[in-house]
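# Understanding the architecture of this molecule
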Amino acid sequence: MADSFSYMKSLQLQGLNRLVKVDIPVPVPGAGEVLIRTKAATICTSDLHDIRANPFGIKYPRVMGHEGAGVVAVCGSGVTGFTPGTRVAAHPVVPCRVCSECVRGLEHLCSRMGHLGIDRDGCFAEYFVQRADRVRAIPDSVSFALGALLEPVAVCLEAIARSNNIKGKTVLVAGDGPFGNIIAQLARRAGAARVLVSGREPFRLQQIPEVEIITDAVPAKFADVAILAVSAASAVEACLQALRPRGRLVVFSTVQERVALNLFNIHVSELEVAGACNDENKIDESLQCLTEECMALEDIITHQIPFDRWEEAFDLARNGHNRTLKVALVFD
């Protein structure tokens with residue numbers, strides 16, 4: 001039980017490029033919250049961005065990590081549906097439910113959004129707290145490392161939804177990382193006739209099943225949908241050039257640089273540009289995907305590294321693109 005001791009190991013961001021292992025008090029769940037004993041937490045590309053540049057303005061110090069799964073340790077008052085020992089995965093986004101966007105039904109675009117690892121302590125720790133409605137029980141067939149992909153798969157489902165019915169269409173996925181991999185598999189699941197993935201890392205491209213690979217220049221005007229799954233400004237133009245008339249570009253990855261759009265081409269070809277940020281009620285569909293053996297999503301987790309070797313894990317996630325996709329920290 002969590003109350004048998006008062007401190008836990010955690011990874012705390014204390015400044016730019018200052019991720020530190022520290023002992024901090026075990027958090028206490030409030031009303032409607034659950035305390036989760038972490039079993040696995042995967043490293044996201046956005047974690048690496050937060051460490052290097054802090055684009056979301058995280059206030060230091062902050063325990064990082066937002067892709068986690070584990071076992072319920074303590075339930076706060078008013079929590080139903082969970083008991084200590086329940087195997088669970090957590091979604092990191094916490095909508096306020098009262099702002100204008102939440103009232104419109106767009107909780108994933110909440111203007112006062114809470115988020116594990118950003119405005120509240122995350123799951124790179126032995127325990128973390130999350131609101132119970134953002135937590136799902138996972139079956140024994142879903143490992144904790146796979147369960148940690150609940151949110152990554154959910155946001156990729158949002159990219160598919162924003163593609164506006166891709167059944168029978170030709171889809172280009174720009175990016176060979178974990179998200180590009182998941183999106184490509186979900187595009188096939190959604191019935192796309194052709195799925196092509198552009199990228200630069202042979203190892204990563206080889207991990208994506210049943211797709212066509214593009215390693216050179218992207219052909220022009222062949223795709224009905226292009227999904228940007230890489231944070232590169234040059235890929236935006238390549239995606240737009242790949243679109244047929246009335247094609248749609250879905251901007252999934254964050255591009256920090258300003259991008260010059262050819263509005264004349266967008267005009268004469270009647271192209272559409274759509275954002276895809278967080279996910280609109282995709283948690284349960286994501287959980288369903290995790291249980292589908294045909295998708296083999298656990299293969300995306302190429303490395304599981306003990307928490308005490310966290311520096312090795314982050315180095316691999318940051319620099320090992322030629323031999324890794326997703327890295328999971330695993331806890332005793």
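Residues numbered from 1 in each chain as written. Predicted model: local features only at pLDDT ≥ 70, side-chain atom pairs only at ≥ 80, totals over all residues. Heavy atoms only, no water.

### Examining the packing of aromatic side chains
This structure, assessed with the given rule, holds four aromatic pairs. Measuring from centroid to centroid gives 5.3 Å for Phe179 and Phe252, while their planes differ by 55 degrees, and the two rings are tilted. Taken together, the positions of Phe179 in helix 5 (residues 178-189) and Phe252 in the loop between strand 15 (243-251) and helix 8 (263-269) put the pair 73 residues apart, joining distant regions of the chain. Measuring from ring centre to ring centre gives 4.7 Å for Phe307 and Phe331, while their planes differ by 25 degrees; the resulting arrangement is stacked. Taken as a pair, Phe307 in the loop between strand 17 (301-306) and helix 10 (310-319) and Phe331 in the segment after strand 18 (326-330) lie far apart in primary sequence, 24 residues in all. With relative accessibility at 5%, the residue Phe307 sits in the buried group. Using a relative accessible area of 11% as the deciding quantity, one classes Phe331 as buried. Grouping aromatic residues by their ring pairs yields a cluster made of Phe124, Trp310 and Phe314. A cation over an aromatic ring shows up here: Arg87 above the ring of Phe144, its NZ or CZ 4.3 Å from the ring centre. (Phe/Tyr/Trp six-rings, centres within 6.5 Å; stacked < 30°, edge-to-face > 60°. Helix = DSSP H or I, 4+ residues; strand = E, 2+ residues; numbered from the N terminus. Buried < 20%, exposed > 50% of the residue type's maximum accessible area, 1.4 Å probe, protein only. Lys NZ or Arg CZ within 6 Å of the ring centre and 35° of its normal.)

### Some points on the side chain of Arg131
As for its placement among the helices and strands, Arg131 is situated in strand 9 (residues 127-131). A distance of 2.6 Å separates the side chain of Arg131 from the side chain of Asp133, its partner in a polar contact. (Polar contact = N/O pair within 3.5 Å; in protein donor to acceptor, adjacent residues only side chain to side chain.)

### Re unusual backbone geometry
Pro61 follows Tyr60 through a cis peptide bond whose omega is -10 degrees. Tracing the backbone through its elements, the reader meets Pro61 in the loop between helix 1 (45-52) and strand 4 (62-63). The backbone phi angle of Asn17 is positive, close to 60 degrees, even though this residue is not glycine. Locating Asn17 in the fold gives a position in the loop between strand 1 (7-15) and strand 2 (18-25).

### Some details on the sheet that holds strand 1
Read across the open sheet, the three strands follow the order 2-1-4; overall the sheet is antiparallel. For this open sheet the edge positions go to strand 2 and strand 4, each flanked by a neighbour on one side alone. Where strand 1 lies against strand 4, two bridges are found, and the strand directions are antiparallel. In the strand pairing of strand 4, Gln12 is matched with Val63. (Pairing = 2+ DSSP bridges.)

### Structural notes on the packing of helix 4 (residues 150-161) against helix 9 (residues 283-291)
At a minimum axis separation of 8 Å, helix 4 and helix 9 run at an interaxial angle of 110 degrees. With respect to helix 9, the axis of helix 4 lies roughly perpendicular. Of the two elements, helix 4 crosses helix 9, and the hand of that crossing is right-handed. For the pair helix 4 and helix 9, contact is made by Leu150, Val153, Ala154 and Leu157 and by Ile283, Glu285, Ser286, Leu287, Cys289 and Leu290, respectively. (Axes fitted to C-alpha atoms, helices over the stretch in contact; angles between N-to-C directions. Parallel < 35°, antiparallel > 145°, perpendicular 65-115°, else oblique. Left-handed = near helix turned anticlockwise from the far one by under 90°. Contact = heavy atoms within 4.5 Å.)

### Quick word on a nonpolar patch on the surface
Nonpolar side chains collect at one region of the surface, where Val259, Leu261 and Leu263 lie side by side and expose about 250 Å² of accessible area between them. Its location among the elements puts Leu261 in the loop between strand 15 and helix 8. Look at Leu261 and you get partly exposed, because its relative accessible area is 41%. (Patch = residues over 30% accessible without salt bridge, like charges linked within 9 Å, V, L, I, M, F, W, Y side chains within 5 Å. Areas by Shrake-Rupley, 256 points an atom, 1.4 Å probe, with all protein chains shown as cover. Salt bridge = Lys/Arg side-chain N within 4 Å of Asp/Glu carboxyl O.)

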